[in-house]
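Commentary on secondary and tertiary structure
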Amino acid sequence: MNTKQPTVHSTSRRDGFVLPSVVFSVAVMSIVVVAALSTSSDERRASRAVRESTLAEYVAEAGLRQTYGNWPVAPVKALNPGDSLDLGWQTLPNSGKYRAVIHRVDKGGLQEYNVVVQGRRTGPNGGVSSILGVVGGIPLFNRAVYGGQLVWIQNATLDSYDSDVAAYNALTAGKEADVFSNGTMTLQKTTINGDAGAAGAITLNNSPVVTGITTPNAPAETPYDNIPCALPTGTYSPVTPELAAVGYTGNGVLNLASGQTLNLTGAQYVFKSVQMTGTSKITLPLGVHVDVQVQDSIYMAGGTLVNTGHKATDLSFTQCGTPTNPAKTNYWGLTGGADAYFSVYAPNNVVYALGNSAFYGAVISSIFYITGSAQFHYDEALARAASPKLEVQKATWTQFPGN
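Scope of this entry: the structure provided in the associated data block. Residue positions are counted from 1 within each chain, in the order its sequence is given. Reporting of local features is limited, given that this is a predicted model, to residues whose pLDDT is at least 70; pairs of side-chain atoms are given and counted only at 80 or more, and all residues count toward the totals for whole chains, interfaces and linings. The side-chain quantities take in all heavy atoms of the structure and omit both hydrogens and water.

So, about the overall build of the protein. In this description a helix means any DSSP run of H or I spanning at least four residues, a strand means any run of E spanning at least two, and both kinds are numbered starting from the N terminus. Along its length, the protein carries three helices and 28 strands. Per-residue burial over the protein gives 42% buried out of 403 residues. Each residue's exposure class comes from its accessible area (1.4 Å probe, protein chains only) as a fraction of the maximum for that residue type: buried when under 20%, exposed when over 50%, partly exposed otherwise.

Moving on, we come to the side chain of Ser-316. Checked against the element boundaries, Ser-316 lands in strand β22 (residues 315–319). Within the structure, Ser-316 has its side chain in polar contact with the side chain of Asp-291 (distance 2.7 Å). With residues near it in sequence (within four places) discarded, Ser-316 still touches His-289, Val-290, Asp-291, Val-292 and Ser-343. Whenever a nitrogen or oxygen atom comes within 3.5 Å of another N or O atom, the pair is scored as a polar contact, on the condition that within protein one atom can donate a hydrogen and the other can accept it, and that pairs from neighbouring residues in sequence are kept only if both atoms are in side chains. Note on contacts: a residue pair is in contact if any heavy atoms of the two residues lie within 4.5 Å.

Within a regular strand, side chains alternate between the sheet's two faces. Counted residue by residue, strand β4 (residues 128–137) has nine buried out of 10 residues, so it is predominantly covered. Note on pairing: two strands pair once DSSP finds at least 2 bridges between them. For strand β3 (residues 112–120) and β4, the ladder comprises nine bridges, and the chain directions are antiparallel. Within β4, the position partnered with Arg-120 by the bridge is Val-128. As paired elements, β4 and strand β27 (residues 390–392) share three bridges and run antiparallel to each other. Looking across to β27, one finds that Val-135 is bridged to Val-392.

Moving on, we get to the sheet that holds strand β15 (residues 261–263). Strands sit in the order β15-β18-β21 across an open sheet of three strands; the sheet is parallel. Every other strand in the sheet has two partners, leaving β15 and β21 (304–307) as the edge strands with one partner each. Strand-to-strand, the axes of this sheet are offset by a mean angle of 15°, without reference to chain direction. As defined by bridge partners, strand β18 (residues 281–284) adjoins β21 across four bridges and the pair is classed as parallel. The residue bridging Lys-281 from the neighbouring strand is Thr-304, located in β21. Orientation is described by axes fitted as lines to C-alpha atoms, over the contacting stretch for helices, and by angles from 0 to 180 degrees between their N-to-C directions.

In this section: the pattern of salt bridges. Just to be clear on terms, a salt bridge is a Lys or Arg side-chain nitrogen sitting within 4 Å of an Asp or Glu carboxyl oxygen. Under the criterion given, the structure shown has eight salt bridges. A salt bridge links Asp-86 to Arg-99, with the nearest nitrogen and oxygen atoms 2.5 Å apart. Here the residue Asp-86 occupies a position in strand β1 (residues 84–91), and Arg-99 occupies one in strand β2 (residues 97–104), the gap between them amounting to 13 residues. By relative accessible area, Asp-86 is classed as partly exposed at 40%. Here Arg-99 falls in the partly exposed class, since its relative accessible area comes to 31%.

Moving on, we get to the pairing of strand β17 (residues 273–276). Looking at chain direction, strand β14 (residues 253–256) and β17 are connected through four bridges and run parallel. Across the sheet, residue Asn-255 finds its bridge partner in β17, namely Gln-275. Pairing of β17 with strand β20 (residues 298–299), which is carried by two bridges, proceeds in the parallel orientation. Across the sheet, the residue bridging to Val-274 is Ile-298, located in β20.

Turning to the state of the cysteines, a few remarks are in order. Throughout, disulfides are identified as pairs of cysteine sulfur atoms within 2.5 Å of each other. The tally for this structure, following the rule as stated, stands at one disulfide. The residue that forms a disulfide with Cys-229 is Cys-320, at a sulfur-sulfur distance of 2.1 Å. Since a negative S-S torsion denotes a left-handed disulfide, the Cys-229-Cys-320 link at about 80° is right-handed. Placement of the pair is Cys-229 in the loop between β13 (214–215) and α3 (241–244) and Cys-320 in the loop between β22 and β23 (331–335), with a sequence separation of 91 residues. Given a relative accessible area of 22%, Cys-229 falls into the partly exposed group. Using a relative accessible area of 0% as the deciding quantity, one classes Cys-320 as buried.

Only protein atoms enter the 1 Å grid used here, on which a cavity is any set of points holding a 1.4 Å probe that cannot leave and a pocket is any open set flanked by protein within 12 Å on both sides along at least five of seven lines; residues with an atom within 4 Å of a point are listed as lining. Grid points are joined across faces, edges and corners, and a volume is the space filled by probe spheres set on the points. Under the counting rule described, the total for this entry stands at two cavities of 30 Å³ or more. Reported here for the largest cavity is a volume of approximately 40 Å³. Lining of the largest cavity is provided by Leu-254, Leu-262, Leu-264, Phe-271, Val-274, Ile-282, Val-292 and Phe-317. Within this model, the second largest cavity holds a volume of roughly 30 Å³. Surrounding the second largest cavity, Phe-342, Phe-359, Tyr-360, Gly-361, Ala-362, Val-363 and Phe-376 form its lining. Sorting elements by how many residues they give to the lining of the second largest cavity places strand β25 (residues 359–370) first, with five residues. Classifying every residue of the lining of the second largest cavity by side-chain character gives six nonpolar, one polar and no charged. Three residue categories are used. Nonpolar comprises Ala, Val, Leu, Ile, Met, Phe, Trp, Tyr, Cys and Pro, charged comprises Asp, Glu, Lys and Arg, and polar comprises the others, including Gly.

The nonpolar core is taken to be a set of buried Ala, Val, Leu, Ile, Met, Phe, Trp, Tyr and Cys residues, with the residues joined through side-chain atoms within 4.5 Å. Ranked by size, the top nonpolar core spans 65 residues in total, and within it Ile-153, Leu-264, Phe-317, Phe-342 and Phe-376 carry the most contacts. Setting aside its immediate chain neighbours within four residues, Phe-342 contacts Leu-305, Ala-312, Leu-315, Phe-317, Leu-334, Thr-335, Phe-359, Tyr-360, Gly-361 and Ala-362. In terms of nonpolar packing, the next biggest core, distinct from the first, is built from 17 residues, Ala-60, Trp-71, Ala-100 and Val-117 among them.

In this structure, Asn-155 is a non-glycine residue whose phi angle is positive, near 70°. In this structure, Asn-155 sits in the loop between β5 (145–154) and β6 (157–161). With a phi angle near 45°, Lys-189 is a residue other than glycine that sits in the positive phi range. Within the secondary structure, Lys-189 sits in the loop between β8 (184–188) and β9 (191–192). The exposure class of Lys-189 is exposed, given its relative accessible area of 56%.

Computed from the structure, the largest pocket encloses a volume of approximately 1400 Å³. The wall of the largest pocket is formed by 44 residues, among which Lys-77, Gln-111, Ala-386, Ser-387 and Pro-388 lie closest to the centre. At the level of secondary structure, the elements contributing two or more residues to the lining of the largest pocket comprise α2 (73–77), β19 (290–294), β22, β24 (341–354) and β27. Here the lining of the largest pocket gets four residues from one element, more than from any other, and that element is α2. Taken as a whole, the second largest pocket spans an internal volume of roughly 300 Å³.

It is worth stressing that arrangement in space is one thing and function is another; only the former is reported here.
So this is what it looks like as structure tokens:
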């Protein structure tokens, strides 16, 4: 007898499984979509931030270039070491704004300025960027003698010292008395403790000695600029007590007769011409800086310069403006002495060192002559003196981090 086993059927139900699965899938997809949208939004904001930051950098660069191109000469010249000049916020055509601040960071000699420019874009997502540029003075007197056409040195001895370190001492004199001509040069029975170079030929007579390098046919240098007079054309220093004492009338012609002494007390003088005769003197008190600008000629035969502080950086003679008679040779005859510490900037003039006395300083001229047994001592401190000419320092652009 066959016994048939009963069939067993499961009683569990799966009716509720699909709905939770769908809900879970929808939730996962929602999270993915939200994450994708959020990521897209973050990327868009990040991209916008990068774009705005880049544009802000361009704004700062444009501001730096505009500051260089529209350099505020007078306000910057008035800055003392440590001072700053805020030029305020300026608006560019693309609605960007920049603010330039000029800081003087030197110690009072050759100028050095940091130019900090902050650029920014307007709007809630505007970027900000700050960059730095540097403007510095170009040393004028970075050698003992310069001649634009000719340098003629005969019998003299040239050496150097640094008045910021110590007074001149023949036993410790330096060998930085470099001489350069943008034309030709003649050296005759002379000693130059430094280099001698010329864009043209160098003629050596009677065994001159050059302790450094002698370089004829050197690359020509950029000619020195003519400096405008500090007063309007045709206007000269007014009559002040110290000038009235020597008979000056305000016409620009300074004539010092034998026995007269002009005690310089002002910071700057502008004359048409200067002439000293006999035992006349021009004196400079200790610790005072004076610039004497001369439009035409200087002749100091018999006169004496007395710079009490013995620093060539304190007294300068500068040719300025256009000569009143261009057809006339504007001859500068300068005399030396134990107290003759000064610099000469006369790139369009013939400068002649008169007599056999010592000179302490430096000379920039068109043609320079020194003969006799004069001693010429170049003051190296003049290379660090303030300069009327500025230039943007190469490779000084930098962006501040974190902006």
